[in-house]
Structure formats: C-alpha cells, structure tokens
Amino acid sequence: MSKMSAPAARLFLDDLHVGQTFASADHAIDETQIKAFAVQFDPQPFHTDTEAAAETLFKGLAASGWHTAAITMRLNVDGGLPFAGGIVGAGGEINWPNPTRAGDVLHVESEVVEITPSRSKPDRGIVTVISRTLNQRGDVVQTLKAKLVVFRKSL
C-alpha cells in the first residue's frame, strides 16, 4: 500500500488504485470549539454544558458527531484526500464508535476500497473511500464510508 501525506499534485480517477491510503494533518479540539459548534448546530446538554454532560450517557462533555464529521471533512479537504475537482460526495454511511473529547488531537486515515468508472459519463467515476478519524490514542471516533465522484484526466 502506498501512503501519501500533503501531496503536491491532485489525483484523478486513473491515478487511484484499490488499497491506496492517505493520511491527513492533525487537528486539536478543545472545549471552546466543542461548545461553540454545539450551541449553533447541536445544542444538547452533553455537547454544551460540562456539568450536565457528566450525568449523561457520555459521562462528560463530548463533541457532536456532526462536529467530528465537519473536522474530518476539513482535514480531508486540506490534503487528506487529494482528489482533482474536490471531494464530491455521492452517498455514504457514518458511524461514531467513540466520543470526541476536549483535548483530543484528531487525524484521518483513508483507504480506497472500490473504483467504478462511470459507463454513462466517461469523464468520471465513483471511488468508495473508508475514512477513519482517530484521536491521539488511536481510538476511532468516526468511520465514514463515502462514495465520491472523481474525475478522469482530460484527454
């Protein structure tokens, strides 16, 4: 398997192969970020109130899964998935097996698991990628299996 970090070039469909892996940079998350995102987008006590969160299923403040997803997207856009034409979603499945906590340092490890050239649109295909977002201890805090539109090089 090849591993790429902060690649200089953007990759097209024909540059990819099953088993290819990519790694993002890191992102440190703190209590301020967790609460600010939650107040705006997911205002539940386990995301917004440290004391109330202690009495919940999470036993402490936890980032919204959608916050973790947003961080994952940013890390992939900033170099974790260097696809020409951007990261264009066509569907997917997301899981949050462990909470993201204040003090976590997240990074994303992605693997190409399927490549399907389009029969009707020869300028592109669908690439299925599994992206695992991990914290500094190696705990998976999110798994995203995404179908992405990836373009071919112009002929």
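Residues numbered from 1 in each chain as written. Predicted model: local features only at pLDDT ≥ 70, side-chain atom pairs only at ≥ 80, totals over all residues. Heavy atoms only, no water.

1. Describing unusual backbone geometry
Here comes step 1: One non-glycine residue with positive phi stands out, namely Lys-59, at about 55 degrees.
Here comes step 2: Structurally, Lys-59 is set in the loop between α3 (50-53) and α4 (65-80).
Here comes step 3: Its relative accessible area of 66% is what places Lys-59 among the exposed residues. (Helix = DSSP H or I, 4+ residues; strand = E, 2+ residues; numbered from the N terminus. Buried < 20%, exposed > 50% of the residue type's maximum accessible area, 1.4 Å probe, protein only.)

2. A short note on the confidence of the model for the protein
Here comes step 1: Taken as a whole, the protein shows an average pLDDT of 94; of its residues, 94% reach a score of 70 or greater.
Here comes step 2: Low pLDDT, under 50, characterises residues 1-7; the predicted model gives this stretch 17 contacts beyond four residues in sequence or across chains. (pLDDT = per-residue confidence, 0-100. Contact = heavy atoms within 4.5 Å.)

3. Here we look at the side chain of Gln-20
Here comes step 1: Structurally, Gln-20 can be placed in the loop between β1 (3-5) and β2 (21-23).
Here comes step 2: Given a relative accessible area of 4%, Gln-20 falls into the buried group.
Here comes step 3: Polar side-chain contacts of Gln-20 include one of 2.9 Å to the backbone nitrogen of His-17. (Polar contact = N/O pair within 3.5 Å; in protein donor to acceptor, adjacent residues only side chain to side chain.)

4. Digging into the packing of aromatic side chains
Here comes step 1: Counted according to the given criterion, the structure contains four aromatic pairs.
Here comes step 2: Each ring, one from Phe-22 and one from Phe-83, has its centre 6.1 Å from the other, and the planes form 90 degrees; the classification is edge-to-face. Pair noted here: Phe-22 is in strand β2 and Phe-83 is in the loop between α4 and β4 (88-95), with a separation of 61 residues, a long-range link. Accessibility assignment for this pair places Phe-22 and Phe-83 in one class, buried.
Here comes step 3: A centroid spacing of 5.0 Å and a plane angle of 50 degrees characterise the contact between Phe-46 and Phe-58, whose relative ring orientation is tilted. Taken as a pair, Phe-46 in helix α2 (residues 45-48) and Phe-58 in the loop between α3 and α4 lie far apart in primary sequence, 12 residues in all.
Here comes step 4: Under the relative-accessibility criterion, Phe-46 is labelled buried at 18%.
Here comes step 5: Relative accessible area serves as the criterion here: at 24%, Phe-58 is assigned to the partly exposed category. (Phe/Tyr/Trp six-rings, centres within 6.5 Å; stacked < 30°, edge-to-face > 60°.)

5. Focus: α4
Here comes step 1: Counted at 1.5 Å a residue, the expected span for α4 with its 16 residues is 22 Å, but the 19 Å between its end C-alpha atoms falls short.
Here comes step 2: Residues Gly-65, His-67, Thr-68, Ala-69, Ile-71, Thr-72, Leu-75, Asn-76, Gly-79 and Gly-80 constitute the buried set of α4.
Here comes step 3: One side-chain oxygen at the N-terminal end of α4 lies 3.1 Å from the backbone nitrogen of Trp-66; it belongs to Ser-64. (Expected span 1.5 Å × (residues − 1).)

6. Observations concerning the nonpolar core
Here comes step 1: Residues Leu-11, Leu-13, Leu-16, Phe-22, Leu-81, Phe-83, Val-112, Val-127, Val-129, Ala-146, Leu-148 and Val-150 constitute the largest nonpolar core, which totals 12 residues.
Here comes step 2: Element by element, the count of residues in this core is highest for strand β7 (residues 140-151), at three residues.
Here comes step 3: Apart from the residues within four sequence positions on either side, Leu-16 is in contact with Leu-11, Phe-22, Phe-83, Ile-115, Val-127 and Val-150.
Here comes step 4: Ala-53, Leu-61, Leu-106 and Val-108 belong to the second largest nonpolar core, which has 11 residues in total. (Core = buried A, V, L, I, M, F, W, Y, C linked by side-chain atoms within 4.5 Å.)

7. A short note on the environment of Phe-37
Here comes step 1: Locating Phe-37 in the fold gives a position in helix α1 (residues 31-41).
Here comes step 2: Among the residues examined, Phe-37 registers a relative accessible area of 16% and is labelled buried.
Here comes step 3: Not counting residues up to four positions away in its chain, the partners in contact with Phe-37 are Asp-42, Ser-64, Trp-66, His-67 and Ala-70.

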